[in-house]
Amino acid sequence: MLTGELRSQIDSIWNAFWTGGISNPLEVMEQITYLLFLRRLDDLHTLEENKSQRTGKPMERRIFPEGRDLKGQDYDNLRWSRFKNLAAAEMYTVVGEHVFPFLRTVGGDESTYAHHMRDARFTIPTPALLSKVVDMLDHVPMDDRDTKGDLYEYMLSKIASAGANGQFRTPRHIIQLMVELTAPTAQDVICDPASGTCGFLVAAGEYLRQNYPQILRNPESREHFHRKMFHGYDFDNTMLRIGSMNMMLHGVDNPDISYKDSLAQDHEGDEEKYSLILANPPFAGSLDYENTAKDLLSIVKTKKTELLFLALFLRLLKPGGRAAVIVPDGVLFGSSKAHKELRRLLVEEHKLDGVISLPSGAFKPYAGVSTAILLFTKTNSGGTDHVWFYDMKEDGWSLDDKRQPLLSEEKLGATPAEALSEAEHAKNNLPDALVRWQQRDDNELERPRTAQSFCVPMADIVANGYDLSINRYKEVVHAVSEHLPPKEILASLAKLETEIQAGMKALEGMLK
C-alpha cells in the first residue's frame, strides 16, 4: 500500500511534466517508463559489477559495454548513476544524443522489455524538466517489488483520471474479482489478447505469489512463471512498452508481451495454447471481412468485434481451459444470427459456467455501456448443466462519473481485509459474488430466482433462444396486500360513521 508521501512524490513528478509542457498523459507515462527502464539497466549492471568484485572473476554480462559510442561518449557515462549527477544542460545532451540511441540498440538484454524500447523516442522538451524529473525519480524507492508495482499502478491510474485513454484501464477491483473467480494455478498458461497495460496479467501474477508462494522456490516452476506463463497481445506500441514495464515492476522477468492485431491475422501456433484467458477486449467498431482472420469467421460470421473476440478466446483456449471476460450486454441478448450462434456454441458445445451482470456505471466516466462478466470452460463436448447468474448492484464505488469509494480501503475489492456488514455489502457486492460463485454447484442451486444470485437449468436457456440476460430469468417479488373479510370492513365503516356523527354533534353544541 502506498503512503501519502509516495503518492505526493508521484503527483509532483506528474505535475512537473504538465507544467513543463507535456500534457498528453500517455506521453508522460511513456517518458517515465523509459527513465525507469534506464534506472533498471544501471541496477542490473551494478549487480554484475558487485558479483565480479566479490568473486574476482570478469563480469559475465555487461549491460553497458566498455569503450565509447559512435559519437565518442564513454558508455559508462550513459548509466543512470552517472548522468543523474550532471548539470541540466549536459544531462540533456547526454540523454538525448547518447542514452536514447543506446537504449534503442540494447542487445545485452534480450528480454521483452528491451524489445519494446527499440523505437524509444525522447520527447522531454527542456533540460530543466529532465533534470527535475530525474532527480524526483531518483528519490522514489524502487528496491521493494510491492512498492515498485504499486507506484506504477498509481501512475497508470493517473492516465485514467486525466480523462484520456481510460479505455485501456479496467477498474482494478473488477480485475481482482475476475482473477479470484478463475483462481489461477501454478501450471496455468495465461493470456490476455487485448492486454493494454497488462492489468489482468499483473493481477494473476500477484494472486499466484500470494496463494502459491512455493512457485518461485522450485527452479522449474520459477522458470515457468518468469518466461512461459504470461502472454499479452496489443497493437499499440505505447501500450506494449507500458504493459511490459508494469510486468517488470511487479517482478516478472521475461513475459511474452507482443505486437499482434488479434483479430486481423491468423493464429498459427496459438491455437489451443492457453489454459486461462482474462480479458476486457475493445467493443467499439466493426471490421471488414478482408481484414478479419478467416479462422475466426469460420466460427462465427460477423463484423462485430465483441463477437469475434469471443470466437478468438475459444480458438486460443486448450480443451479444459477457462475464461473470464467482459462483454457488453448486447452479447447476452442480441437477436442477430451471429449473436445467437455464439451463445449456442458456449451453451451447447462448451460449458458456460456463469454470467455476472455488472453495474451500468462500472466503466464511467469513459463508457456508460452496460456490461457483464462471462465465465466459461472450453470443452468441445458440451457440459453445461446449469448457468449461475449474479446481479451485481454495487461494486464499492459510486456509479457516477466521479467513481468515489463508498467504503474505507480495507473494505473494498473482492477480498477485503475485514468482513462486511449487511449495510456494507449493499455498497460492495464483490465479496458476496465470490462466495456465491464458489457455491454454484451446491447451495446456489436452491436459491429462488428472486434472490441476487440463482442458477438456471440449461433447458430453460435453450427454450429462451440462448438469451443470457439476467432479467429474462429473474423473478420479482410482488407485494401482496392483506384484506380483511367484508363483514369486518363494513363493521369498521359503521363504527367510523358513528364516531363522525358524534363528533359533528359535539361540534354543534360548542358552536351554540
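One structure accompanies this document, and this report is about it. (Residues numbered from 1 in each chain as written. Predicted model: local features only at pLDDT ≥ 70, side-chain atom pairs only at ≥ 80, totals over all residues. Heavy atoms only, no water.)

**Quick notes on the packing of helix 13 (residues 305-316) against helix 15 (residues 337-349)**
In a pair of packed helices, the angle between the axes and the distance between the axes together describe the arrangement. For the pair helix 13 and helix 15, the least separation of the axes is 11 Å and the interaxial angle reads 25°. Here helix 13 lies roughly parallel to helix 15, going by the angle between them. Between helix 13 and helix 15 lies a crossing whose hand is left-handed. Of helix 15, the residues touching helix 13 (which contributes Leu-307, Leu-310, Ala-311 and Leu-314) are Ala-338, His-339, Leu-342 and Leu-346. (Axes fitted to C-alpha atoms, helices over the stretch in contact; angles between N-to-C directions. Helix = DSSP H or I, 4+ residues; strand = E, 2+ residues; numbered from the N terminus. Parallel < 35°, antiparallel > 145°, perpendicular 65-115°, else oblique. Left-handed = near helix turned anticlockwise from the far one by under 90°. Contact = heavy atoms within 4.5 Å.)

**Comments concerning the nonpolar core**
By size, the foremost hydrophobic cluster in this structure holds 98 residues, and its most contacted members are Leu-103, Phe-230 and Ile-373. Of the residues forming this core, the biggest block, 10 residues, is contributed by helix 2 (residues 25-55). When sequence neighbours within four positions are dropped, the list of residues in contact with Phe-230 reads Ile-190, Leu-201, Ala-204, Gly-205, Leu-208, Phe-225, Met-247, Val-252, Pro-255 and Asp-256. If you look at the next biggest cluster of nonpolar residues, it comprises 46 residues, including Tyr-274, Val-325, Leu-352 and Ile-470. (Core = buried A, V, L, I, M, F, W, Y, C linked by side-chain atoms within 4.5 Å. Buried < 20%, exposed > 50% of the residue type's maximum accessible area, 1.4 Å probe, protein only.)

**Notes on unusual backbone geometry**
In this structure, Arg-403 takes a positive phi of about 50° despite not being glycine. As for its position among the elements, Arg-403 is in the loop between strand 8 (386-391) and helix 16 (422-425). Judged by relative accessible area, Arg-403 falls into the buried class, the value being 12%.

**With respect to the packing of aromatic side chains**
Across all of its chains, the model carries 12 aromatic pairs by this definition. When the centroid spacing of 5.3 Å and the interplanar angle of 90° are considered together, the rings of Phe-225 and Phe-230 count as edge-to-face. Across the pair, exposure class does not vary: Phe-225 and Phe-230 are buried alike. Through a chain of ring-to-ring contacts, three or more aromatic side chains come together here, namely Tyr-34, Tyr-92, Phe-100 and Phe-122. Above the ring of Tyr-154, the side-chain terminus of Arg-7 is found at 5.0 Å from the ring centroid. (Phe/Tyr/Trp six-rings, centres within 6.5 Å; stacked < 30°, edge-to-face > 60°. Lys NZ or Arg CZ within 6 Å of the ring centre and 35° of its normal.)

**Considering the packing of helix 8 (residues 172-182) against helix 17 (residues 430-438)**
Put simply, helix 8 and helix 17 touch, their axes get as near as 10 Å, and they point 15° apart. In terms of axis orientation, helix 8 runs roughly parallel to helix 17. In this structure, helix 8 meets helix 17 at a crossing whose hand is right-handed. For the pair helix 8 and helix 17, the contacting residues are His-173, Leu-177, Glu-180 and Leu-181 in the first and Leu-430, Leu-434 and Trp-437 in the second. In terms of residue class, the contact of helix 8 with helix 17 is made up of 5 nonpolar, 1 polar and 1 charged. (Nonpolar A, V, L, I, M, F, W, Y, C, P; charged D, E, K, R; others polar.)

**As for the pairing of strand 6 (residues 351-357)**
Counting buried residues in strand 6 gives 6 out of 7 residues, a clear majority hidden from the surface. Note that strand 6 and strand 7 (residues 371-377) share 6 bridges and pair antiparallel. Each bridged residue has a counterpart across the sheet, and for Ser-357 the counterpart in strand 7 is Ala-372. Examined bridge by bridge, strand 6 and strand 8 share 4 bridges and lie parallel to one another. Note on strand 8: the bridge partner recorded for Ile-356 is Tyr-390. (Pairing = 2+ DSSP bridges.)

**Remarks on helix 9 (residues 199-211)**
End to end, helix 9 covers 18 Å across 13 residues, agreeing with the expected 18 Å (1.5 Å per residue, within 8%). Looking at helix 9, one finds that the buried residues are Gly-199, Phe-200, Leu-201, Val-202, Ala-204, Gly-205, Tyr-207, Leu-208 and Arg-209. (Expected span 1.5 Å × (residues − 1).)

**Let's talk about a negative patch on the surface**
Taken together, the side chains of Asp-385, Asp-441, Asp-442 and Glu-446 define an acidic patch exposed on the protein surface. Of note, Glu-446 is situated in the loop between helix 17 and strand 9 (453-457). According to the relative accessible area criterion, Glu-446 is exposed, its value standing at 67%. (Patch = residues over 30% accessible without salt bridge, like charges linked within 9 Å, V, L, I, M, F, W, Y side chains within 5 Å. Areas by Shrake-Rupley, 256 points an atom, 1.4 Å probe, with all protein chains shown as cover. Salt bridge = Lys/Arg side-chain N within 4 Å of Asp/Glu carboxyl O. Lys, Arg positive; Asp, Glu negative; His and termini not counted. Charge placed at Lys NZ, Arg CZ, Asp CG, Glu CD.)

**Remarks on helix 6 (residues 127-138)**
An ideal rise of 1.5 Å per residue puts 16 Å on 12 residues; helix 6 measures up with 16 Å between its terminal C-alpha atoms. For helix 6, the elements touching its buried residues are helix 1 (4-19), helix 2, helix 3 (80-83) and helix 4 (88-103).

**Regarding the sheet that holds strand 9**
What holds strands together in a sheet is hydrogen bonding between their backbones, with the strands either parallel or antiparallel. One open sheet accounts for 9 strands, arranged 3-2-1-4-5-7-6-8-9; its pairing is mixed. Single-partner strands in this sheet number two, and they are strand 3 (256-259) and strand 9. Along the sheet, successive strands turn relative to each other by an average axial angle of 15°, direction set aside. Where strand 8 meets strand 9, 5 bridges bridge the pair, whose relative direction is antiparallel. Across the sheet, residue Tyr-390 finds its bridge partner in strand 9, namely Ser-453.

**Quick look at a nonpolar patch on the surface**
Nonpolar side chains collect at one region of the surface, where Leu-484, Ile-489, Leu-490, Leu-493, Leu-496, Ile-500 and Met-504 lie side by side and expose about 680 Å² of accessible area between them. Overall, Leu-496 belongs to the partly exposed group, its relative accessible area being 44%.

**Here we look at the side chain of Lys-260**
Tracing the backbone through its elements, the reader meets Lys-260 in the loop between strand 3 and strand 4 (274-279). Looking at Lys-260, the relative accessible area reads 15%, which means it is buried. A polar contact of 2.5 Å, which involves the side chain of Lys-260, links it to the side chain of Asp-270. If near-sequence neighbours (up to four positions away) are discounted, Lys-260 is found in contact with Tyr-233, Asp-234, Phe-235, Gln-265 and Asp-270. (Polar contact = N/O pair within 3.5 Å; in protein donor to acceptor, adjacent residues only side chain to side chain.)

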